[in-house]
Amino acid sequence: MVIRKLHQYFNRATLNKLLIFTTDLLLGAGALPIALMLTQSYDLEKTILPQLLAISILLRISAFFGLKTYTFLLRFIHLRDLLRLAIALAFADASLLLLSWFLWYPLRVAFVLAYFILSLTTLAGYRLVLHYLATENDKGEKNPIRLLIFGAGAAGLITKHVLEQAPGLSYKVVAFFDDDPKKSGKTIEGVRIFHVAEHFKDIVRKNKVQKAVIAIHHLSPQRRQTFVDWCIEAGIPVVKVPSLKKWYEGSFDPMQLENIHIEELLEREPISMESPHVRATFSGRTILVTGAAGSIGRELCRQLARLQPRQLLLLDKAESPLHELHLAIEEEEGFPHAFPILADITDQKRIKHIFSTYRPEVILHAAAYKHVPMLENHPAEAIKVNVLGTQYVADAAVEYQAEKFILVSTDKAVNPTNVMGASKRIAELYIQALHAQGSSTAFAITRFGNVLGSDGSVVPRFKKQIQAGGPVTVTSPDVVRYFMTIHEAAQLILEAGAIGKHAEIFLFDMGKPVRILDLARKMILLAGLQPEKDISIVFTGLRPGEKLVEELLLQKENTLPTYHEKIRIAKNVSWINMPELRGMLEILRHLATSGGESIEIVRFMTQLVPEFCSTNPKFAAVFSQKFL
C-alpha cells in the first residue's frame, strides 16, 4: 500500500515537474549575481547578497506554485505557458522590490528589472530549446511529409502547430495558400503565403509538396472543389481539418484529419430550404414513413424527429435495418415517440389495418424498388411494389382522411426507357388521378435524380471497387447523371409536403449533370491513387433500360415557379380518368400476381405510359410493334 502511494506521488510526470521547478529556481538564482554586475550594484553584493538570494527564491517558489509554471509539456509548449512564466516572475520580483523599500534595504529599480529580464530570458530560452529538441527527436531520422495548408488564418496556424508538434508523426508545413490577395507574399512563422490565383502546380513542384490540408471551416463548395481539383491535377492527396464541433469538444488531433468525400464536391451550393410551413405541417402530427429503413427514408425520419411530431411511424419490411433505424431515432436523435412497423406495402389488408389503428395524418411514401437492371428481369415485382403498393397506401390515406400524402418519385419516370421508370410514372399518374377525383387529402409528388451515397448507388459501389484494388466499372464514357445529397433529397420531400396540395410534381434544381467517368476518376484520385496506373477503369456498356442522360421534365409538361428559386412545379396537360385507370391497374395486378409473362406486363405498361420506350433487347418485339 505504501509503495503504491509512493508510486502515485513520485511517478514520471511528478519527477518531470519537480525537475522543471528546480531548474527554474537554480537558473533564476544564477541570474541574480549577473544582474548585480550589469547594474554595478557591488556594494549590495558585499552586504546582503545571501539574504537577498534567499528571499528572492522564497518569493519565486510561491509564485511558481501559485501559477503552476512547471505544468506544461515540452512537445506542446504554447505562448500562454511563457506568458504565465512572465507573470510569475514579475509578481515575485515586484514583491521583492516593494519589500526592500518598506521593510528592508532599498533596492535599485534597474537591478530588479535586469534580474527579471535575465531570469525570463533564461527560463523561457531553455524551455524553447528543450521543446525544439523534443520535437526533433520525435521525428527521428524520418523525412518529414511536406505539407501545404489552404487557409492562412487562425485555423491554418493552429493546424501547422498541431501537425508539426505531433509525437510519432513527421510533418513540415512548407507553404500556405489563401484567397486574400493582401496576404500574398507574406510569411507565417517563416512559411510563405501564396495567393490561389498564382500557378499552383509550379508552387507544389518547387516546394516539393507531398500533401495538402484544407484549414478553412466555412468554405463554399465551388471553392473547395476548385482547390481539390488543383491538388488532383498536381498529383497530391488532400485532406481537411475536422469540424468546429470536434475542435470545441476536444483538442484537435492529427488523427482527426478527414478525407474529402465526393459528396462535398457537387458543383453547386447545397440548397437549404427553411420554409416556416415545414414545422407547422409536421410538428405535433402522426406521421407515417414507408420505406423508412431505406436511404431516403432514414434521412426523412431523422429530419422529422427534429420537428417533434406527435408520433413517427417507421414502416418497412426489412427487419434488421428497421430495428437499427428505431434505435438511432431514439438514441441519436433523442426522439422517444418513434414506432417501428414491420409490414409489406403490397399487403393491402395489412396496410388498411395500420391506417385504421394509428390514423396517420401525414404519409411520406418512400417505399419502392429502384434498381433498374433488377426490375428489367422482374417487371411483376415492379408492378406489385411501385404501382400497387402506392395504390394501396394512397387509397388508405384517402379512406382514413389523412391530411397529406407525398410520393417520392424519380427522374427516370420522365420518358422512361426501363420498367422501373415506367412503374414510377404509373404511380405518379395514379396519385394525380386520385386528386382529380376529389379528396380531402392533399397530394404532392417529388421528382429528382440520383442520390449520392444511397444504398446501391454508384458512389458506394465505386468506393468498394477502389478498396478492392479495382477495376472500377463504368457503363459508358458518355453517361451523365444528376446528383443530389440525401440530406437535400429529404428536405425537398418535406418542402413538398408543406406546400403541395394538388398532386403537383415538384422539381429540384439538380445543378449541372455529372459525367460518371469523371466521377470515377475523381474518386480514385481522392483515394490517393492514379486512374489506369493503380486502378483500372473498365467500360461495361449501358445495361438494358439505361439512358445516357436522365431527364427531369416530360415534353408536354410546363413548369411553374414556387417561393424558392430552386424549386419548380411540373404540371401535366391532361389527367387520366380514374375509373378507366383503376380498370387498367386491375389488369396489371392480375398479370403481376398470376405469373404473367414479363413481355405481356411491359406491353400493357405502354398503354398506361405511351412515352415508355424500352431499350432492353428482350422487349424489342413490344416496341417494334408499337411503331408499326
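1. Overview of the overall build of the protein chain
The helix and strand inventory of the protein chain stands at 22 helices and 22 strands. Here the protein chain holds 628 residues, and the buried ones make up 50% of them. For the protein chain, the proportion of contacts with a sequence separation of at least 24, taken over those separated by at least 6, is 76%. Approximately 30300 Å² of the protein chain is accessible, and the part contributed by carbon and sulfur atoms is 58%.

2. Here we look at the environment of R359
In this structure, R359 sits in the loop between α13 (348-358) and β11 (362-365). For R359, a relative accessible area of 47% puts it in the partly exposed group. Along the sequence, R359 and A396 sit 37 residues apart, while their C-alpha atoms lie 9.7 Å from each other.

3. What about the side chain of T290?
Looking at where T290 falls in the secondary structure, it is placed in strand β8 (residues 286-290). In terms of polar contacts, T290 uses its side chain to reach the backbone amide nitrogen of A367, at 3.2 Å. Every residue in contact with T290, bar those within four places of it in the chain, is listed here: L315, I345, L364, H365, A366, A367 and V393.

4. Some details on the pairing of β11
The alternating pattern of β11 places V362 and L364 and I363 and H365 on opposite faces, both of which are buried. Pairing of β11 with strand β12 (residues 404-408), which is carried by four bridges, proceeds in the parallel orientation. Each residue of the ladder has a partner; that of H365, found in β12, is L407.

5. Observations concerning the packing of aromatic side chains
Tallying each qualifying case throughout the model produces eight aromatic pairs. Aromatic ring contacts, followed pair by pair, group F150, F177, F194, F200, F227 and W230 into a single cluster.

6. Quick look at the confidence of the model for the protein chain
Any residue range with low pLDDT should be treated as having predicted coordinates unsuitable for detailed reading. On average, residues of the protein chain carry a pLDDT of 81, and 83% of them reach 70 or more. Taken as a whole, residues 5-9 scores under 50 in pLDDT and shows two contacts with residues more than four places along the chain or in a different chain.

7. Considerations on the pairing of strand β5 (residues 211-214)
Across four bridges, the pairing between strand β1 (residues 145-150) and β5 is parallel. Bridging from a neighbouring strand, L147 pairs with K211 of β5. Of the strand pairs in this sheet, β5 and strand β6 (residues 238-240) are connected by three bridges, and their pairing is parallel. Counted as the bridge partner of A212 is V238 from β6. Regarding topology, helix α8 (residues 221-234) serves as the crossover connection from β5 to the parallel β6, and that connection is right-handed.

8. Focus on the nonpolar core
Residues F355, F405, L588 and M605 are the most contacted members of the largest nonpolar core, which totals 59 residues. When residues of this core are assigned to their parent elements, the largest contribution, 11 residues, is made by helix α15 (residues 379-399). Formed by 41 residues, the second largest nonpolar core is a distinct cluster that contains L314, A366, L492 and L494.

9. With respect to unusual backbone geometry
The amide bond that connects G470 to the next residue, P471, takes the cis arrangement and shows omega of 0 degrees. Position of P471 relative to the elements: it lies in the loop between α17 (458-467) and β15 (472-474). Here R359, not a glycine, exhibits a phi torsion of approximately 50 degrees, which is positive. The backbone of N415 sits at a positive phi, close to 40 degrees, despite the residue not being glycine. With respect to the element layout, N415 can be found in the loop between β12 and α16 (419-437). Taking relative accessible area as the criterion, N415 reaches 16% and is therefore assigned buried.

10. Quick notes on helix α6 (residues 154-165)
When the terminal C-alpha atoms of α6 are compared, their 17 Å separation across 12 residues agrees well with the 16 Å that a helix rising 1.5 Å per residue should span. Inspection of α6 places A155, G156, T159, K160, V162, L163, E164 and Q165 among the buried residues, and these make up the whole buried set.

11. Some details on the pattern of salt bridges
Applying the stated criterion to the full structure yields 18 salt bridges. Of the charged contacts, one joins R515 and D518 as a salt bridge, the two residues approaching to 3.0 Å between their closest N and O atoms. The class of R515 is partly exposed, set by a relative accessible area of 30%. One continuous salt-bridge network, built from bridges that share partners, spans R302, R306, E332 and E333.

Calculation criteria
- Starting from 1, residues in each chain are numbered consecutively following that chain's sequence as written.
- Per-residue local features of the predicted model are confined to residues with pLDDT of at least 70, and side-chain atom pairs are confined, for both listing and counting, to 80 or more; whole-chain, interface and lining totals are unaffected and use all residues.
- Calculated side-chain values reflect all of the structure's heavy atoms, with hydrogen atoms and water omitted.
- Each helix corresponds to a stretch of at least 4 residues labelled H or I by DSSP, and each strand to a stretch of at least 2 residues labelled E; elements are numbered beginning at the N terminus.
- Using a 1.4 Å probe on the protein chains alone, a residue whose accessible area is under 20% of its type maximum counts as buried, one over 50% counts as exposed, and one in between counts as partly exposed.
- Contact between two residues is taken to exist if any of their heavy atoms lie within 4.5 Å; hydrogens are not considered.
- Here the accessible surface of atoms and residues is derived via Shrake-Rupley with a 1.4 Å probe, and residues count as covered only by protein chains that are part of the display.
- Two N or O atoms form a polar contact when they lie within 3.5 Å of each other; inside protein one atom must be a possible hydrogen donor and the other a possible acceptor, and for residues adjacent in sequence the pair counts only when both atoms belong to side chains.
- Note on pairing: DSSP must find at least two bridges between two strands before they are called paired.
- Working definition: a ring pair exists when centres of Phe, Tyr or Trp rings (six-membered ring for Trp) sit within 6.5 Å. Plane angles under 30 degrees give stacked, over 60 give edge-to-face, the rest tilted.
- Note: pLDDT gives the predictor's confidence per residue, expressed from 0 to 100.
- When the strands point away from the viewer and the connection leading from the first strand across the helix to the second strand turns clockwise, the crossover is called right-handed.
- Among buried residues, those of type Ala, Val, Leu, Ile, Met, Phe, Trp, Tyr and Cys that are joined through side-chain atoms within 4.5 Å constitute a nonpolar core.
- Here the expected length of a helix is defined as 1.5 Å per residue gap, with one fewer gap than residues.
- Throughout this description, the term salt bridge denotes a Lys or Arg side-chain nitrogen within 4 Å of a carboxyl oxygen of Asp or Glu.

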